[in-house]
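Descriptive analysis of the structure
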Amino acid sequence: MGMTMVEKILAAHAGEDKVKPGQLVNAKLDLVLGNDVTTPVAIKEFDKIGVEEVFDQDRVAIVPDHFAPNKDINSAEQCKMIREFAHDKEITNYFEIGEMGIEHCLLPEKGLALPGDIVIGADSHTCTYGALGALATGVGSTDMAAGMATGEAWFKVPETIKFVYNGQLQEWVSGKDLILYTIGDIGVDGALYKAMEFTGEVIENFSMANRMTMSNMAIEAGGKCGLIEPDETTLEYVKDRAQRDYTVYKSDADAEYAEVIEYDVSEIEPQVAFPHLPENTRGISEVGEIKIDQSVIGSCTNGRLEDLRIAAKVLEGNKKADHVRLVIFPGTQEIYRQAMHEGLIDIFLDAGAAVSTPTCGPCLGGHMGILAKGERAIATTNRNFVGRMGHPESEVYLSNPAVAAASAIKGQIVGPKEVL
Amino acid sequence: MEIKGQVWKYGDDVDTDVIIPARYLNTSDPKELAKHCMEDIDEDFVDKMSNGDLIVAEDNFGCGSSREHAPLAIKAAGVSCVIANSFARIFYRNSINIGLPILECPEAVAGIAEGDQVEVDVDSGLIKNLTKEEEYQAAAFPEFMQELIDAGGLVNYVREKVKG
């Protein structure tokens, strides 16, 4: 019996020839990540362990992106604490505002997460790097602390569910729609404790941006990670970014899966997840009349250049509805700069958008776009839990960037065909 | 370790945003976090609960964010144990790492009602419903996780290992 990608990656990092689902292994880590919310807790725990240095200064990444640029005095204290820790421990990959980005847009861009890696991050959307063929998974601050101290972490080898996407994509349907559709199908705990593997001709033809969007939301189905087999697209992406060796792992043809789920994508239209769970999905034609107060385009899910290009295509020559606040967050400084060079920022400003420096701010109800009681937002983010973007009685609807842009113009949730 | 208290019961998919909303994550002080524990799902939770009370919930408790602030807030609020049909994996891992007792036991979730008095022996996984005079048995933890629990969490475990 062969092994899945995840099994191979875990076996290689645990020094084993073969591992099986359910087995507990201690594995070497290629990268340990934290942000300004989770790292302060990790530092307190790190200090209790009794080691002076992190296991490898080049393999820890700290990104102040959640409440940064500092939103208040407490946040400033938290950012100061992680800045000083990074300085003290001589951590190479600390990214100050002005050079930082939303962590899961930034790390792949900088070549810090690579195929075949094991990455743990004290942020649940660390699973994004599965799109590069890495085993990347979210952990808490204590795991981050132990990882920084030892360069190792324990893992239960997960079973894998294989998802196969075939067929012709409808216009305006993207990776975001496929992952929302999938979560709608299997539920928010449909992949609990399991690895997800995204395959099929649609995935093979997808850009890295679409792939990262899909892997990013594996956690929203309860998944430990969401992997895509590296191919030419992946290698082209990492070619000029990687500063160390990496290994491409592919699942064996006779690997054992917990389940194989196949989708004909030609039947999938742009998806909208209704409050208050990402599994509450409907096709755009079944949304009905939902008036919105805010549209948010960006985040670790959909803040990449390709996402901004799609939003710009819909917004070009249009204006947002008077009663709507449109906020756009490029994922990194590099994406921001490129968007500016391509004229996308002009299109956004002409449409009446507020364009922000990269931050996670609005996605988690931190800052830069909080909702008041009773307000509704359409967002290209990843969660629509109660109070996620502000007041507990506000509502978040999740969609792709084209739908969020079209909805901003119309003032209610609509697909791009309604405004073009 | 003996645990005894009154039960507060919740449904499926209690996410970490309602356990501790992000607007309070500009601090990592467990005492501050505890003040807002469960605020967006049960506004008065902290005021009405007593030290040692238990949370019982259905599927996928603790889904969403990786914030360790969620189990930290629950623990610091004085909740002695969380029993659920299932836990989201990061929450499960975090709870074990910080020493918040959690048990997966669908029989207990089905049998226990809000307000029941419940006693738990975490070591054996035996859950006693004192109100209904019923007993439920949670599955044992895998050996390695039990080692972590016995060590008092991951940091203690790693500290011993690092010392060699």
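Structural data are supplied above this passage.
The structure contained in this document is the topic of the report that follows. (Residues numbered from 1 in each chain as written. Chains lettered and ligands numbered in written order. Predicted model: local features only at pLDDT ≥ 70, side-chain atom pairs only at ≥ 80, totals over all residues. Heavy atoms only, no water.)

1. A few points about the overall build of chain A
Threshold: Under the scheme used here, helices are H or I runs from DSSP no shorter than 4 residues and strands are E runs no shorter than 2 residues, and both carry numbers assigned from the N terminus. Buried, partly exposed and exposed residues are distinguished by accessible area as a fraction of the type maximum, computed with a 1.4 Å probe on protein chains only: under 20%, between the cut-offs, and over 50%, respectively. Residue contacts follow a heavy-atom distance rule, with two residues in contact if any of their heavy atoms lie within 4.5 Å.
Per the secondary structure count, chain A includes 14 helices and 18 strands. The principal-axis extents of the C-alpha atoms in chain A amount to approximately 60 × 50 × 40 Å. Out of the 420 residues in chain A, the part that is buried amounts to 64%. Pairs at least 24 apart in sequence give 76% of the contacts found in chain A among residues at least 6 apart.

2. So, the sheet that holds strand S11 (residues 259-264) of chain A
Residues and elements named next belong to chain A. What counts is decided by this rule: Pairing between strands requires that DSSP locate at least two bridges from one strand to the other. Lines fitted to C-alpha atoms define the axes, with helix axes restricted to the stretch in contact, and inter-axis angles between N-to-C directions lie between 0 and 180 degrees.
Pairing is parallel across the open sheet formed by 4 strands, whose spatial order is S10-S9-S8-S11. The sheet terminates laterally at strand S10 (225-227) and S11, the two strands that pair on one side only. Pairwise comparison of adjacent strand axes, ignoring direction, gives a mean angle of 20° for this sheet. Two elements, strand S9 (residues 195-199) and S10, share 3 bridges in a ladder whose sense is parallel. Bridged to alanine 195 within S10 is cysteine 225.

3. Comments concerning the nonpolar core
How we decide: Nonpolar core, defined: a set of buried Ala, Val, Leu, Ile, Met, Phe, Trp, Tyr and Cys residues in which side-chain atoms within 4.5 Å join the residues together.
Membership of the largest hydrophobic core comes to 145 residues, with the highest contact counts inside it found for Phe61(B), Ile83(B) and Ile127(B). It is helix H14 (residues 401-410) of chain A that provides the largest number of residues to this core, a total of 7 residues. Once residues within four sequence positions are removed from consideration, Phe61(B) is found in contact with Val14(B), Ile19(B), Ile55(B), Ile74(B), Val82(B), Ala84(B), Ser86(B), Phe87(B), Ala88(B) and Phe91(B).

4. A look at the packing of aromatic side chains
All names here are of chain B. As a reminder of what qualifies: Any Phe, Tyr or Trp ring, taking Trp's six-membered ring, that has another such ring centre within 6.5 Å forms a pair; planes under 30 degrees apart are called stacked, those over 60 apart edge-to-face, and the others tilted.
Inspection of every chain in the model, using the stated rule, returns 16 aromatic pairs over all chains. Arranged with centres 6.0 Å apart and planes meeting at 80°, the rings of phenylalanine 61 and phenylalanine 87 form a pair that is edge-to-face. Linking phenylalanine 61 in the loop between strand S2 (54-57) and helix H4 (69-76) with phenylalanine 87 in the loop between strand S3 (81-84) and helix H5 (89-98), this pair joins segments that are 26 residues apart in sequence. Judged by relative accessible area, which is 0%, phenylalanine 61 ranks as buried. On the basis of relative accessible area, phenylalanine 87 is assigned to the buried category, the value being 0%.

5. Remarks on the interface of chain B and chain A
Just so we agree on the cut-off: By convention, the term buried area covers the 1.4 Å-probe accessible surface removed from two parts as they join, with the contributions of both added. For salt bridges, the criterion is a side-chain nitrogen of Lys or Arg within 4 Å of an Asp or Glu carboxyl oxygen. Here a polar contact is recorded for every N or O atom pair within 3.5 Å, except that within protein the pair must consist of a potential hydrogen donor and a potential acceptor, and residues adjacent in sequence are included only if both atoms are side-chain atoms. Put simply, Ala, Val, Leu, Ile, Met, Phe, Trp, Tyr, Cys and Pro go in the nonpolar bin, Asp, Glu, Lys and Arg in the charged bin, and everything else, Gly too, in the polar bin.
Contacts between chain B and chain A engage 43 residues on the former and 50 residues on the latter. Regarding the contact of chain B and chain A, the summed buried area is about 3,700 Å², with carbon and sulfur atoms giving 59% of it. At the junction of chain B with chain A, the criterion picks out 3 salt bridges. With a shortest N-O distance of 4.0 Å, Lys161(B) and Glu152(A) are connected by a salt bridge. Applying the counting criterion to the chain B and chain A interface returns 20 residue pairs in polar contact (both at pLDDT 80 or more). Of all the secondary structure elements, the ones that give two or more residues to the side of chain B that touches chain A are helix H1 (16-19), H4, H5, helix H7 (143-151) and helix H8 (154-163) of chain B. In the side of chain B that touches chain A, the residues fall into 18 nonpolar, 11 polar and 14 charged.

6. Remarks on the state of the cysteines
By definition, a disulfide links the sulfur atoms of two cysteines through a covalent bond. Residues and elements named next belong to chain A. Defined as follows: Note on terminology: pairs of cysteine sulfur atoms within 2.5 Å are recorded as disulfides.
Per the stated rule, a full pass over the model turns up 0 disulfides over all chains. Considering cysteine sulfurs only, cysteine 300 is the nearest to cysteine 105, which forms no disulfide, with 6.6 Å between them. Here cysteine 360 is not disulfide-linked; the sulfur of cysteine 300 is the nearest cysteine sulfur, at 6.5 Å. The class for cysteine 360 is buried, based on a relative accessible area of 11%.

7. Brief notes about the packing of helix H11 (residues 305-315) of chain A against H14(A)
Residue and element names in this part refer to chain A. To keep things clear, this is the line we draw: Oblique is the label for every angle not falling under 35 degrees (roughly parallel), over 145 degrees (roughly antiparallel), or within 65 to 115 degrees (roughly perpendicular). Note: crossing handedness is left-handed where the near helix turns anticlockwise from the far helix by less than a right angle, and right-handed where it turns clockwise.
Look at H11 against H14: their axes get within 8 Å of each other, and the N-to-C directions meet at 30°. Relative to H14, the element H11 lies roughly parallel. Read as a crossing pair, H11 and H14 show a hand that is right-handed. Contact residues: H11 offers Asp307, Ile310, Ala311, Val314 and Leu315, while H14 offers Pro401, Ala402, Ala405, Ala406 and Ile409.

8. Quick word on the side chain of His125(A)
Residues and elements named next belong to chain A. With respect to the element layout, histidine 125 can be found in the loop between strand S5 (118-121) and strand S6 (135-138). Within the local environment of histidine 125, its side chain forms a polar contact with the side chain of asparagine 382, the two groups lying 3.5 Å apart. Contacts of histidine 125, omitting those with residues within four sequence positions, involve His104, Asn216, Ile219, Glu220, Cys300, Asn382 and Arg383.

9. Quick word on the pattern of salt bridges
Residue and element names in this part refer to chain A. Summed over all chains, the structure comprises 25 salt bridges over all chains. Here arginine 59 and aspartate 30 are joined by a salt bridge, their closest N and O atoms 3.4 Å apart. Of this pair, arginine 59 sits in the loop between helix H2 (39-49) and strand S3 (60-63) while aspartate 30 sits in the loop between strand S1 (24-28) and strand S2 (31-35), and the two are 29 residues apart along the sequence. Assessed through its relative accessible area of 22%, arginine 59 is described here as partly exposed. The class for aspartate 30 is buried, based on a relative accessible area of 13%.

10. Let's talk about the pairing of strand S7 (residues 134-137) of chain B
Side chains on a regular strand alternate between the two faces of the sheet. As paired strands, strand S6 (residues 126-129) of chain B and S7(B) are joined by 4 bridges and run antiparallel to one another. Paired with Asn129(B) across the strands is Glu134(B), a residue of S7(B).

11. Topic: a negative patch on the surface
Residues and elements named next belong to chain B. Keep this limit in mind: Exposure above 30% relative accessible area and no salt bridge define the residues that can form patches, which grow by joining like charges within 9 Å and nonpolar side chains of Val, Leu, Ile, Met, Phe, Trp and Tyr within 5 Å. All accessible-area figures derive from a Shrake-Rupley calculation using a 1.4 Å probe, and residue coverage is judged against the displayed protein chains alone. For this count, His and the chain ends are skipped, Lys and Arg are scored as positive, and Asp and Glu as negative. Taken as the charge location is NZ of Lys, CZ of Arg, CG of Asp or CD of Glu.
Residues Glu2, Asp121, Asp123, Glu143, Glu147 and Asp150 make up a contiguous surface patch of negative charge. If you tally residues by element for the negative patch, the top one is H7, at 3 residues. Tracing the chain through its elements places glutamate 147 in helix H7. With a relative accessible area of 39%, glutamate 147 lands in the partly exposed category.

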